[in-house]
Amino acid sequence: MTKAKIAILISGTGSNMAALLYAAKHPDCPYEVALVASNNPDAPGLKLAEAEDIPTFAHPHKGLTREAHDEIMHDAIIAAKADHVALAGYMRILSPEFVGKWEGRMLNIHPSLLPKYKGLHTHQRALEAGDSQGGCSVHLVTAELDDGPVLGQSPVAVLPGDTAETLASRVLIAEHQLYPRTLANYVSRASSPEYLVAQVRERALAMPEADEVTSNGRPWFGTIQGHT
Ligand code: GAR
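Report on the accompanying structure. Here the structure is a predicted model, which is why all the values come from computation and not from measurement. (Residues numbered from 1 in each chain as written. Predicted model: local features only at pLDDT ≥ 70, side-chain atom pairs only at ≥ 80, totals over all residues. Heavy atoms only, no water.)

1. Section: the overall build of the protein chain
Link 1 in the chain: Of the regular secondary structure elements, the protein chain holds seven helices and 10 strands.
Link 2 in the chain: Counting over 228 residues, the protein chain shows a buried share of 40%.
Link 3 in the chain: Counting contacts in the protein chain only where the partners sit at least 6 residues apart, residues at least 24 apart contribute 58% of the total.
Link 4 in the chain: Separation of charge centres in the protein chain, based on 19 positive and 26 negative side chains, amounts to 3 Å. (Helix = DSSP H or I, 4+ residues; strand = E, 2+ residues; numbered from the N terminus. Buried < 20%, exposed > 50% of the residue type's maximum accessible area, 1.4 Å probe, protein only. Contact = heavy atoms within 4.5 Å. Lys, Arg positive; Asp, Glu negative; His and termini not counted. Charge placed at Lys NZ, Arg CZ, Asp CG, Glu CD.)

Dropping the structure here:
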């Protein structure tokens with residue numbers, strides 16, 4: 001199995017990075033961690049990655065334009081030969097250029113059930129709205145903040161007396177379960193029957209007068225003259 005090579009970008013604790021990294025230690029995990037990089041040289045997660053023998057890179061963003069800093073991070077990711085990027089508490093707004101370079105290959109974890117509560121203070125906003133559930137989402141990164149296609153979600157029940165902090169701590173447990181699994185599914189999607197059928201469907205139905213029928217529980221595609 002050729003494993004996907006992941007660059008994980010963090011700004012702080014890096015507990016999601018740790019969850020991704022420890023999941024990658026299992027032989028059947030379809031990805032390996034090629035780099036942990038940060039805009040914060042003091043990010044505690046960097047020390048953990050170093051102790052686990054993962055290459056690390058840090059470059060502060062202070063004094064740089066967003067584009068210039070993103071380019072430095074991009075160069076480090078390329079130098080590490082990573083083919084996917086996983087944002088894990090990377091608290092930076094990304095330039096459209098950087099997002100464009102990693103289109104379809106950059107994932108993020110966000111502590112809400114998107115499309116609810118994009119941006120900051122997600123748990124507080126869920127509590128103030130009287131929601132019965134908080135949660136987390138893994139999504140593909142697009143130019144708009146916290147807006148790309150959702151790949152996976154975990155709802156987390158709100159308990160009586162919850163504060164933003166108590167809810168956040170339980171959501172974090174759910175994040176650690178969700179992110180490795182969703183990333184693994186995403187990088188190995190080319191071998192999933194559902195993904196392959198969806199690819200065929202998209203191409204087949206783009207043809208004029210194309211149609212889809214089910215035969216013996218399987219999808220068949222053809223034109224109205226005759227299914228093949
Ligand atoms: C996580 O809760 C993650 O979902 C959130 O930051 C925390 C990072 O924790 N990310 C965002 O809010 C991004 N919009 P960690 O450093 O322990 O993984």
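2. What to know about the site of the ligand
Link 1 in the chain: Residues in close proximity to the ligand include Thr-13, Gly-14, Ser-15, Asn-16, Gly-89, Met-91, Ile-109, His-110, Pro-111, Leu-172 and Glu-175, which together make up its full environment.
Link 2 in the chain: Residue Ser-15 places a side-chain N or O atom 2.5 Å away from an oxygen atom belonging to the ligand.
Link 3 in the chain: In the model, a nitrogen atom of the ligand is placed 3.2 Å from a nitrogen or oxygen of the His-110 side chain.
Link 4 in the chain: About the coverage of the ligand: the protein hides 83% of its 450 Å² of free accessible area.
Link 5 in the chain: Cavity membership is defined here by more than half of the atoms lying within 2 Å of grid points; on that basis the ligand lies in the largest pocket.
Link 6 in the chain: Its residues assigned to classes, the shell around the ligand shows four nonpolar, six polar and one charged. (Near = heavy atom within 4 Å. Polar contact = N/O pair within 3.5 Å; in protein donor to acceptor, adjacent residues only side chain to side chain. Areas by Shrake-Rupley, 256 points an atom, 1.4 Å probe, with all protein chains shown as cover. 1 Å grid on protein atoms, 1.4 Å probe; cavity = no way out; pocket = protein on both sides within 12 Å on 5 of 7 lines; lining within 4 Å. Sits in = over half its atoms within 2 Å of the grid points. Nonpolar A, V, L, I, M, F, W, Y, C, P; charged D, E, K, R; others polar.)

3. Notes on the packing of aromatic side chains
Link 1 in the chain: The tally for this structure, following the rule as stated, stands at zero aromatic pairs.
Link 2 in the chain: The ring centre of Tyr-186 lies 3.9 Å from the NZ or CZ of Arg-189, which sits over that ring. (Phe/Tyr/Trp six-rings, centres within 6.5 Å; stacked < 30°, edge-to-face > 60°. Lys NZ or Arg CZ within 6 Å of the ring centre and 35° of its normal.)

4. A short note on the layout of surface pockets
Link 1 in the chain: Of the volumes computed, that of the largest pocket is approximately 940 Å³.
Link 2 in the chain: Lining of the largest pocket is provided by 39 residues; of these, Gly-89, Met-91, Ile-109, His-110 and Pro-111 occupy positions nearest its centre.
Link 3 in the chain: Those elements that place two or more of their residues in the lining of the largest pocket are helix 1 (15–23), strand 5 (106–110), helix 5 (122–128), strand 6 (133–140) and helix 6 (164–187).
Link 4 in the chain: Broken down by element, the lining of the largest pocket gets its largest block of residues, five residues, from helix 6.
Link 5 in the chain: Classifying every residue of the lining of the largest pocket by side-chain character gives 17 nonpolar, 16 polar and six charged. (Points joined across faces, edges and corners; volume = space filled by probe spheres on them.)

5. Observations regarding the sheet that holds strand 3 (residues 56–58)
Link 1 in the chain: Strand order in this open sheet of seven strands is 3-2-1-4-5-6-7, and the pairing throughout is mixed. Only two strands of the sheet have a single neighbouring strand rather than two, namely strand 3 and strand 7 (150–157). When the angles between neighbouring strand axes are averaged without regard to direction, this sheet yields 20 degrees.
Link 2 in the chain: With three bridges connecting them, strand 4 (residues 84–87) and strand 5 associate as parallel partners. Among the inter-strand pairings, Val-85 is bridged to a residue of strand 5, identified as Met-106.
Link 3 in the chain: Strands strand 1 (4–10), strand 2 (31–38) and strand 3 of the sheet are contacted by helix 2 (residues 44–51), whose axis makes an angle of about 155 degrees with strand 3.
Link 4 in the chain: Together, strand 1, strand 2, strand 3 and strand 4 form the strand contacts of helix 3 (residues 66–79), whose direction differs from that of strand 2 by roughly 150 degrees. (Pairing = 2+ DSSP bridges. Axes fitted to C-alpha atoms, helices over the stretch in contact; angles between N-to-C directions.)

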